[in-house]
Amino acid sequence: MFHLILGVCLAISADHCGHVLLPQGDSTTAQGCRAQAAQVAGAWLAARPDLTGDAPECRANADLPALDLQQVAPGIHVHFGQSRQMEETTDGRIANLGVIVGRDAVAVIDAGVSRAQGQDLYVAIRRMTDLPVRHLILTHMHPDHVLGAQVLSEAGARITAHHALPQSLQARSAGYLDALADLYPPGEWIATQAVMPDDLVRDRQVIKLGDRSLLLRAWPAAHTDSDLTVLDRATGTLFTGDLLFRDLTPVVDGSLTGWLDWLDGDPARGADVIVPGHGPVGQSWQDASSPQVDLLRALADRTRQAIRDGLALSQAVPVIVDALQPMQGTWNSYPQTIARNATAAYKELEWE
């Protein structure tokens, strides 16, 4: 497989440059790739007046960077992100991403934090199979999971997400993109755009990959207001998105009470392999979820106590954080995240 690569720079700054992979130019031969390179690259750049481009070139798949994918069940592959918050990394690649290979097509679970990561994921997929990438499923609207979507869309994938995701992503996408530019070098974020889904899930939806069927479920507000899970029925593999954190401290950005309700509802029934949004795979729901359950319950309890004690938000947050300090254990990025969670919990629970 040969891929079309285009060097691009911001039109307003020749110092901000990087490379994009254009999957429309894919070919089994270098000659086939070169034959369409100018047309494909020209059309792509014409739609992006904010970018300038060099002459396109064709490179073999083996010569390009690719994400590491590990098989966790037959036909199920996962890229494991760094269990840190984005600002603590050099590229923001912190989320777990999934690839499900069926008999006649591929489905991808989340696309990463940038076009650059989406490209590296696409290269890794093409090293495994030449089956069409027909589906990209976004588990929620946070940037580390969604901002690599464009390259997979260009490769032919239909994007499916929770019905609340478009509104949430539209409201936040400008801030997400600004944060990427502030945190990382241009090669990590150049040409990254937020892409809206093609299909929305309001309750349940089934996607078929020939010999496999994937059950998608949209949930009420919990980690965010746009949480979606994916169960591969063939292997019993459940992709929870960020409804389940392991290693990395959970972030409350939706509803703490809704999240606890979800955790109490046996959401992993029928699952043999549990892929969290962050951290290692689990085989037992009890083992995988109990540290998060304990932390979130303690957060709710301590926040309610602070409210009963009549503490204002500014007074309550340090009290809650101090009370929860013994629970830090092995959670990564704990101090800054638990303070944020205390603020979110107080704002929600003061109205109970």
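Below is a short write-up of the structure. (Residues numbered from 1 in each chain as written. Predicted model: local features only at pLDDT ≥ 70, side-chain atom pairs only at ≥ 80, totals over all residues. Heavy atoms only, no water.)

As for the sheet that holds strand β6 (residues 76-79)
For step 1, the next point in the chain: Strand order in the open sheet formed by seven strands is β5-β6-β7-β8-β9-β10-β11, and the pairing between neighbours is mixed. The sheet is open, and its two edges are formed by β5 (70-73) and β11 (199-201), each paired on a single side. On average, each strand axis in the sheet is tilted by 25° relative to the strand beside it, whichever way the strands run.
For step 2, the next point in the chain: Where helix α2 (residues 115-128) meets the sheet, its contacts fall on β6, β7 (97-101), β8 (106-109) and β9 (133-137), and the angle it forms with β7 comes to roughly 30°. (Pairing = 2+ DSSP bridges. Helix = DSSP H or I, 4+ residues; strand = E, 2+ residues; numbered from the N terminus. Axes fitted to C-alpha atoms, helices over the stretch in contact; angles between N-to-C directions. Contact = heavy atoms within 4.5 Å.)

Here we look at empty space enclosed by the protein
For step 1, the next point in the chain: Here the structure, examined in full by the defined rule, presents two cavities of 30 Å³ or more.
For step 2, the next point in the chain: Its volume calculated, the largest cavity comes out at about 40 Å³.
For step 3, the next point in the chain: Lining the largest cavity we find N96, L97, G98, I109, D110, T139, F239, T240, G241, V275, P276 and G277.
For step 4, the next point in the chain: Elements with a contribution of two residues or more to the lining of the largest cavity: β7, β15 (237-245) and β16 (273-278).
For step 5, the next point in the chain: For the lining of the largest cavity, a count of residues per class yields five nonpolar, six polar and one charged.
For step 6, the next point in the chain: Its volume calculated, the second largest cavity comes out at about 30 Å³.
For step 7, the next point in the chain: Of the residues contributing to the lining of the second largest cavity, the split by class is four nonpolar, four polar and two charged. (1 Å grid on protein atoms, 1.4 Å probe; cavity = no way out; pocket = protein on both sides within 12 Å on 5 of 7 lines; lining within 4 Å. Points joined across faces, edges and corners; volume = space filled by probe spheres on them. Nonpolar A, V, L, I, M, F, W, Y, C, P; charged D, E, K, R; others polar.)

Remarks on the sheet that holds β15
For step 1, the next point in the chain: Strand order in the open sheet made by the five strands is β12-β13-β14-β15-β16, with mixed pairing throughout. Because the sheet does not close on itself, it has two edges, and the strands there are β12 (204-208) and β16. Here the strands of the sheet are splayed against their neighbours by 25° on average, with no regard to which way each runs.
For step 2, the next point in the chain: The strands touched by helix α7 (residues 256-264) within the sheet are β14 (228-232) and β15, with β15 carrying the most contacts at an inclination of about 150°.
For step 3, the next point in the chain: Sheet strands touched by helix α8 (residues 285-308): β15 and β16. Its angle to β15, the strand with the most contacts, is close to 10°.

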